[in-house]
Amino acid sequence: MSTYKRMDTPNKVKANKPRREWSIARRVVQYVSLVIFIVFFVMTQRDGWPPALVNLPMRLDPLVMIANLFASRTFLATSSIALITLILTLIFGRAWCGWICPLGTTLDIVSLDRTRGKRPPPPEGWRKIKYALLVVILTAALFSNLTLLALDPLTILFRSLNVSILPALNQMVRVIEQVLYQIPGLRNAVASFDMWVRPNILPTEPLYFKDVIFFAAVFAGILLLNIFAPRFWCRYICPLGGMLGLVSRVAFFRREVSEPCRGCTLCTRACPTGTINPQKNFASDPAECTMCMECLEPCPRSLIRFKKDVSLAEPQGYDVSRREALVTFGATIAALALFKVSNLVKREPPFLLRPPGAREVNKDNLSLTKCIRCSECMRVCPTNAIQPSMLEAGAAGFGAPILLMRMGYCEFSCNACGQVCPVQAIPPLSLEQKQQQVIGKAYINESRCIAWSDHEECLVCEEMCPLPQKAIQLEEQQVWAKDNSVVTLKMPHVLRDACIGCGICEYKCPVNGESAIRVYVPETYVPF
Amino acid sequence: MNKLSRRDFLRLLALGAGTLTVNQFLASCGVKPAAVSSTVPAPVTKMPANTAPPSATEAATQSPPESTPTKALSNADVVVARGGEPEDLVRRALEAFGGMGKFVPRRANVVIKPNICVAYHTYEYAATTNPWVMGALVKMAFEAGAARVQVFDFPFGGNAKEAYARSGIEEQVIAAGGEMMPMPEFKYVATAIPNGVDLRSTHAFQDALGADVLINVPIAKHHGSARLTLGMKNFMGLILDRGAIHNNLGQRIADLNTLFRPTLTVIDAVRILTNHGPSGGSLDDVKKMDTVIVSTDIVAADSYASTLFGLQPTDLAYIRAAAKMGLGKSDLNSVKVEEITG
């Protein structure tokens with residue numbers, strides 16, 4: 001093949017030296033950054049690597065950081081690292097998408113190109129979607145709502161790994177371990193493997209997440225969109241791509257095709273984002289070009305260069321017009337108004353518990369004003385108590401963390417969620433502060449409690465209470481036992497003022513089904 | 001490299017699965033009886049092995065050199081050492097029994113079970129066993145010739161990795177050459193408790209069932225429902241489903257103690273937790289006693305330890321149940337106690 005090219009290249013055209021090398025270099029960078037993302041994901045553990053290191057990928061995401069800045073009205077020095085991505089985009093265009101974005105790399109790996117066939121790509125107008133989404137997200141952020149950051153590529157990938165892929169992988173490993181452990185000769189090998197892999201890579205306890213099928217399906221759906229066009233997500237939907245695309249319109253380096261192009265269309269066919277337009281002299285839209293350099297190699301005459309060019313990019317048919325932008329802006333405000341008239345605003349759901357301190361630092365507990373939906377807190381929670389919400393807090397709260405005390409409890413000696421949160425939506429409390437932070441208040445349901453209702457001895461809640469002075473007190477009472485004798489029994493009482501709502505009592509309560517002691521939200525607005 | 005065809009891959013997969021199945025089948029057919037007996041632990045046959053110490057002659061040759069040969073060996077049921085550093089207390093108490101060599105045969109696989117119930121506090125809060133008591137026992141087991149010393153517990157608050165570190169036990173055990181082991185779920189085996197009155201079966205931790213020597217090292221502390229947690233209750237850390245135990249706690253703890261029969265019970269009362277147990281957290285509830293209680297009779301050890309809190313053995317439901325089942329002596333008038341003060 002190379003021989004053919006050399007013969008075809010006319011002597012007068014200076015041979016372009018690096019061609020294939022660029023695309024190899026890109027692939028190396030892509031894989032390295034995907035591996036770093038996954039390693040950081042794995043090491044996002046309470047006893048893992050430093051939280052300020054492992055949440056770095058999220059902080060490099062300018063969409064998430066700017067939206068958070070708008071919504072929280074608080075400048076975080078740690079978030080300013082996202083400027084690096086913006087500056088690099090100003091220089092190199094959407095190279096983030098082609099070279100770094102781990103979701104983009106995943107979409108390249110799972111390209112599904114064999115299933116694609118010769119189907120024509122969707123209409124060019126669909127490229128608008130990502131700009132529209134960007135307008136929606138930034139508008140909503142101005143009004144302190146970050147719900148749609150659930151569509152940011154980094155949060156999607158992290159959430160999918162966290163909520164579905166890792167737990168499922170862990171489950172497979174556990175079953176294999178259990179089966180192999182039954183084979184006498186393999187026993188030691190299985191035990192040493194287990195010691196090596198846990199807790200460093202896989203969790204010691206199995207992980208369980210609510211709505212895992214939904215989150216897995218969303219991720220699978222994003223991958224399957226590749227059937228309709230390569231990198232379908234990046235071309236049409238990705239709001240971060242939209243933001244970087246806008247910046248790329250004034251980027252310094254651009255793709256250029258010089259004369260004498262004979263219109264062989266090889267570059268058009270090679271372009272994964274389909275932005276090389278044969279009708280416009282094979283020019284590309286810098287807002288769509290991911291600088292992947294896949295077009296370099298096929299060009300028989302080596303006419304394609306990526307060189308400096310200081311000008312505004314050509315307008316495109318799918319650009320969002322001023323009118324469209326204003327309509328989207330207005331529609332977003334209307335939708336936000338709908339969020340504000342949800343019944344949940346008037347009466348907060350009784351069990352809407354948030355990670356320690358989050359209720360206090362977010363202006364709106366339903367939408368969790370500052371939360372970027374990255375799910376890092378769910379990853380570090382050692383007891384699996386932090387779960388992704390679907391509609392528990394209404395649509396506005398989608399993707400934000402909630403505490404489900406029957407799944408886990410807020411461990412007394414842990415403050416990992418606040419440390420790892422990239423935007424302080426969960427405040428970085430010290431352990432001493434966290435141990436006094438009220439998450440909720442526990443109440444005993446006496447009609448379900450073994451001691452109160454069955455008149456049998458059970459003091460698990462008191463035993464579990466981690467507070468040095470115990471927020472559950474035992475009070476001796478004379479009660480009728482089952483055999484009609486009078487016995488003295490210790491009855492649990494919650495000392496409401498002392499209780500911090502850590503939920504270990506609810507988690508460990510031996511009553512079947514709903515716990516006989518439950519943590520309720522600490523204080524709610526009471527309408528008169 | 002040749003590309004593996006789908007057919008070949010499936011064939012290899014089937015072959016591998018087949019081999020594993022046949023292996024398992026052969027094992028259960030009695031080709032490897034030794035291996036089988038370790039898959040399905042037989043706790044009842046284990047009991048005499050755990051309780052009967054090696055012969056006196058063997059012990060004499062193995063006792064550590066520092067034990068004074070002139071001193072007559074104690075025939076006490078319970079030895080209580082008071083005053084001094086934790087390691088010193090353990091050594092003095094065991095010397096009264098003739099040293100660790102009397103209990104740990106050469107090349108024995110030793111399991112030492114502390115109480116590391118929560119990951120919340122350091123050892124000063126007396127919620128977890130004293131690290132130096134643990135370290136001393138690991139050292140002494142190796143001095144007696146143990147091949148391997150494993151230490152593990154299953155905390156109810158926080159995870160094991162964190163709890164091992166915070167308690168300080170990890171540091172001392174590893175420094176002494178022991179191993180802090182995780183307790184993966186697959187190592188819990190469904191085990192019948194034939195001698196149990198109420199609790200007839202449980203999922204018990206295999207490495208504890210299969211140990212040559214099991215040394216139980218609880219810390220003496222207050223407990224809301226059981227009143228005190230001592231040696232017998234400490235075995236709740238060796239089973240998977242502890243929720244099932246909390247009903248009829250006293251009898252079920254005694255039942256569990258028919259399954260786990262420790263060679264030695266060493267109750268750490270260097271610091272005791274007098275209130276707000278078992279997790280503790282306030283130094284006001286901690287009382288420094290500088291005491292270690294050693295016995296081969298877990299019931300006698302617990303009975304004596306109850307007096308540290310001003311209670312009688314009969315105040316504790318599990319001691320009453322265990323005494324009724326004949327698991328040990330609970331009447332302090334008949335328990336021979338030797339006190340060693342430094």
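Residues numbered from 1 in each chain as written. Chains lettered and ligands numbered in written order. Predicted model: local features only at pLDDT ≥ 70, side-chain atom pairs only at ≥ 80, totals over all residues.

A. The overall build of chain A, seen in detail. A tally of regular secondary structure across chain A gives 25 helices and 8 strands. For chain A, the proportion of its 528 residues judged to be buried stands at 45%. In chain A, once contacts between residues fewer than 6 apart in sequence are set aside, the share between residues at least 24 apart is 74%. (Helix = DSSP H or I, 4+ residues; strand = E, 2+ residues; numbered from the N terminus. Buried ≥ 20, exposed ≤ 12 C-beta atoms within 10 Å, placed from the backbone. Contact = placed C-beta atoms within 7 Å.)

B. Local environment of the overall build of chain B. When helices and strands are tallied, chain B shows 12 helices and 12 strands. Within the span of chain B, comprising 342 residues, buried residues form 52% of the whole. Considering only contacts within chain B whose residues lie at least 6 apart along the sequence, 75% involve residues at least 24 apart.

C. Just the packing of helix H2 (residues 20-43) of chain A against helix H8 (residues 102-109) of chain A, in detail. All names here are of chain A. The geometry of H2 relative to H8 is characterised by a closest axis approach of 9 Å and an angle of 120 degrees between their N-to-C directions. Of the two possible hands of crossing, H2 and H8 adopt the one that is left-handed. The residues of H8 that touch H2, namely those facing Gln 30, Tyr 31, Ser 33, Leu 34 and Phe 37, are Pro 102, Thr 105, Thr 106 and Asp 108. Considered class by class, the residues forming the contact of H2 with H8 number 4 nonpolar, 4 polar and 1 charged. (Axes fitted to C-alpha atoms, helices over the stretch in contact; angles between N-to-C directions. Left-handed = near helix turned anticlockwise from the far one by under 90°. Nonpolar A, V, L, I, M, F, W, Y, C, P; charged D, E, K, R; others polar.)

D. Fine view of the interface of chain B and chain A. Opposite the 31 residues of chain B that make contact, chain A presents 31 residues. For the side of chain B that touches chain A, the element with the most residues is helix H1 (residues 6-28) of chain B, which contributes 4 residues. Class assignment of the residues belonging to the side of chain B that touches chain A gives a composition of 11 nonpolar, 16 polar and 4 charged.

E. Representation of the nonpolar core in the model. Membership of the largest hydrophobic core comes to 228 residues, with the highest contact counts inside it found for Val 110, Leu 137 and Val 292 of chain B. Here this core gets 9 residues from one element, more than from any other, and that element is helix H10 (residues 128-142) of chain A. Sequence-distant contacts of Val 110 of chain B, that is, excluding residues within four places in its chain, are made with Val 104, Ala 141, Ala 146, Arg 148, Val 149, Ala 211, Asp 212, Val 213 and Ile 215 of chain B. (Core = buried A, V, L, I, M, F, W, Y, C linked by C-beta atoms within 7 Å.)

F. Up close: unusual backbone geometry. For the bond from Arg 198 of chain A to Pro 199 of chain A, the omega torsion is -5 degrees, close enough to zero to count as cis. Cis geometry is found at the peptide bond from Gly 277 of chain B to Pro 278 of chain B, where omega equals 0 degrees. Its location among the elements puts Pro 278 of chain B in the loop between strand S10 (264-273) and strand S11 (286-295). One non-glycine residue, Arg 73 of chain A, lies in positive phi territory at about 55 degrees. Tracing the backbone through its elements, the reader meets Arg 73 of chain A in the loop between helix H5 (62-72) and helix H6 (82-92).

G. Structural context of the confidence of the model for chain A. Looking at chain A, the pLDDT average stands at 92 and 96% of residues meet or exceed 70. Note that pLDDT drops below 50 for residues 1-14 of chain A; the model gives that stretch 8 contacts with residues more than four away or on any other chain. (pLDDT = per-residue confidence, 0-100.)

H. A look at H8 of chain A. All names here are of chain A. Extensive coverage of H8 is indicated by the burial of 7 of its 8 residues. All of the buried residues in H8 are Pro 102, Leu 103, Gly 104, Thr 105, Thr 106, Leu 107 and Asp 108. Taken together, the buried residues of H8 touch H2, helix H7 (95-100), helix H11 (153-181), helix H13 (212-224) and helix H14 (232-237).

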